[in-house]
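What follows is each chain in one-letter form.
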Amino acid sequence: MNLSVPQEYFKAGKIASKVCEEMAKKTSIGDRVFDICNKVEGMIKNLGGEPAFPCNVGINSVSAHYTAEIDDESTIRNGDVVKIDLGVHINGYIIDTAFTLSFNPDYDLMVKAAKDVLYEAISMVREGVRVGEIGKVIENGASKRGFKVISNLSGHLLQQYKIHGGVSIPNVWVANTPSLKANEVYAIEPFLTTLDGSGVVVDDARRNIYALIGRKRTGDKNLDFLVDQIWNRFKTLPFTARWLIDIFDKKEIKMLLDKLVQVKILHAYPVLVEASKKVVAQFEHTLIPTESGVIVLT
Ligand code: MN
Ligand code: MN
């Protein structure tokens, strides 16, 4: 087999799996979202990686792009369905993985279905398979288990320092899509909701994950210093205010970040919520297609 991907992927993959395993065992009702995020990000660093993006914790209908605020008081409550989505990078080579924990027996089947659908999709991965075919397997897999996919969230190609590398792996059937290439790295991530859900996510007003999109000077010493710090620490990868409070005032940092969003130096990711507020489950693995099958990195 001619496998030529950077070795960093394998190390980052092992770190990500280890963190998922630990968090799946240790997360329970009463835990603070703030502590979950810090624990995940701390564990990644202790194991020799860097977080590729702030740990996402999505409770119930919150589907993606929520991380703990500086002063986040939210906790896991009895009855919650909790998605933990984490990223590890080494030298910019990114691993992206997620799992769901159910603290509500009503959703155990849906959580299991999301996991089974992911494995069903992975089992068909090999060089040359069209990404739309993977979407079809995910969509049909959800429907035959009595659930609905979130159609406007998808998996993606991963590239160095780029979480979304230009190719999407849809969770629904799409015609005329590109084929998977060997020696490329992809994340597949089905999101499932109940049949009475709308099956799409919408933006809500909250934004607490940011990424640098430009490095132009503002003329404001404080803001320009912040931009330099962001570039030095995170490059163009997503980050959050919690990661900057060692050098900026807790009360000031959100305001500074908002100013950088206004002048289009930063992008702020809206929190994505299921449109009819139904509960969502997600599983995600990072993998490499080969001529004969697949190498799962997580
Ligand atoms: Mn993810
Ligand atoms: Mn992803």
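Values in this document were obtained by computation on a predicted structure and should not be read as measured data. (Residues numbered from 1 in each chain as written. Chains lettered and ligands numbered in written order. Predicted model: local features only at pLDDT ≥ 70, side-chain atom pairs only at ≥ 80, totals over all residues. Heavy atoms only, no water.)

Peer 1: How would you sum up the overall build of the protein chain? Please name residues and give values.
Peer 2: Looking only at helices and strands, the protein chain features 6 helices and 14 strands. For a compact globule of 298 residues, the expected C-alpha radius of gyration is about 19 Å, and the protein chain comes in at 19 Å, within 12% of that figure. Dimensions of the protein chain, computed from C-alpha atoms along their principal axes, come out at roughly 55 × 45 × 35 Å. Across the 298 residues of the protein chain, 53% fall into the buried class. Long-range contacts, defined as pairs at least 24 residues apart, comprise 76% of the intrachain contacts of the protein chain with a sequence gap of at least 6. Roughly 13000 Å² of accessible area belongs to the protein chain as shown, and the carbon and sulfur atoms make up 51% of that amount. Across the protein chain, the 36 positively charged side chains and the 36 negatively charged ones have centroids separated by 2 Å. (Helix = DSSP H or I, 4+ residues; strand = E, 2+ residues; numbered from the N terminus. Rg over C-alpha atoms; globule rule 2.2 N^0.38 Å. Buried < 20%, exposed > 50% of the residue type's maximum accessible area, 1.4 Å probe, protein only. Contact = heavy atoms within 4.5 Å. Areas by Shrake-Rupley, 256 points an atom, 1.4 Å probe, with all protein chains shown as cover. Lys, Arg positive; Asp, Glu negative; His and termini not counted. Charge placed at Lys NZ, Arg CZ, Asp CG, Glu CD.)

Peer 1: Got a sec to walk through the coordination of the manganese ion (ligand 1)? Specific residues and values, please.
Peer 2: Around the manganese ion (ligand 1), the donor atoms from the protein are Asp 85 (OD), Asp 85 (OD), Asp 96 (OD) and Glu 284 (OE), and they sit 2.1 to 2.3 Å away. Since its relative accessible area comes to 3%, Asp 96 is described here as buried. For Glu 284, a relative accessible area of 0% puts it in the buried group. (Donors = N, O, S within 2.8 Å, 3.2 Å for Na, K, Ca; no water.)

Peer 1: Can you lay out the coordination of the manganese ion (ligand 2) for me, pointing to particular residues and giving the numbers?
Peer 2: Each donor-metal-donor angle in an ideal tetrahedron of four donors is 109.5 degrees, and each such angle in an ideal octahedron of six donors is either 90 or 180 degrees. The protein atoms that coordinate the manganese ion (ligand 2) are Asp 96 (OD), His 156 (NE2), Glu 189 (OE) and Glu 284 (OE), at distances spanning 2.1 Å. Motif for the manganese ion (ligand 2), donor spacing along one chain: D-x59-H-x32-E-x94-E.

Peer 1: Kindly report on the sheet that holds strand 4 (residues 93-102), identifying the contributing residues and their values.
Peer 2: As summarised here, the arrangement of the 3 strands in space is 1-3-4, forming an open sheet in which the pairing is antiparallel. Edge strands, defined here as strands with exactly one partner in the open sheet, are strand 1 (50-59) and strand 4. Mean inter-strand twist for the sheet, computed between neighbouring axes without regard to direction, equals 10°. Against the sheet, helix 1 (residues 8-26) contacts strand 3 (81-90) and strand 4, and its axis sits at roughly 15° relative to strand 4. (Pairing = 2+ DSSP bridges. Axes fitted to C-alpha atoms, helices over the stretch in contact; angles between N-to-C directions.)

Peer 1: Quick rundown of the packing of helix 3 (residues 108-123) against helix 4 (residues 131-144)? Include the residues and the values.
Peer 2: How two helices pack is summed up by the angle between their axes together with the distance between the axes. One way to put it is that helix 3 packs onto helix 4 with a least axis distance of 9 Å and a crossing angle of 150°. Accordingly, the angle class assigned to the pair helix 3 and helix 4 is roughly antiparallel. Remark: the crossing between helix 3 and helix 4 carries right-handed chirality. From helix 3, Val 117, Glu 120 and Ala 121 reach across to helix 4, where they touch Ile 134, Val 137, Ile 138, Gly 141, Ala 142 and Lys 144. (Parallel < 35°, antiparallel > 145°, perpendicular 65-115°, else oblique. Left-handed = near helix turned anticlockwise from the far one by under 90°.)

Peer 1: Summarise the sheet that holds strand 7 (residues 168-170); cite the residues concerned and give the values.
Peer 2: Strands sit in the order 7-6-8-13-14 across an open sheet of 5 strands; the sheet is antiparallel. Pairing within the sheet leaves two strands with one partner each, and these edge strands are strand 7 and strand 14 (294-296). Pairs of neighbouring strands in the sheet enclose a mean axial angle of 25°, with direction left out of account. Direction of pairing for strand 8 (residues 185-188) relative to strand 13 (residues 285-289): antiparallel, over a ladder of 3 bridges. Opposite Ile 188, over in strand 13, you have His 285 as the bridge partner. Its contacts with the sheet place helix 3 against strand 8, strand 13 and strand 14, and it is angled at close to 10° to strand 13. Across the sheet, helix 4 lies against strand 7 and strand 8, angled at about 35° from strand 7, the strand it touches most.

Peer 1: Please set out the environment of Val 201 residue by residue, giving values where relevant.
Peer 2: For Val 201, the position within the fold is in strand 10 (residues 201-212). Under the relative-accessibility criterion, Val 201 is labelled buried at 7%. Distance in space between the C-alpha atoms of Val 201 and Val 294 is 30 Å, their sequence separation being 93 residues.

Peer 1: Which residues make up the state of the cysteines, and what values go with them?
Peer 2: The tally for this structure, following the rule as stated, stands at 0 disulfides. Just so you know, Cys 20 is unpaired, no disulfide at all, and the nearest cysteine sulfur is the one on Cys 55, 9.2 Å from it. The class for Cys 20 is buried, based on a relative accessible area of 12%. Of all cysteine sulfurs, the one in Cys 37 lies closest to Cys 55, which takes part in no disulfide; the gap is 4.2 Å. For Cys 55, a relative accessible area of 1% translates into the label buried. (Disulfide = S-S within 2.5 Å.)

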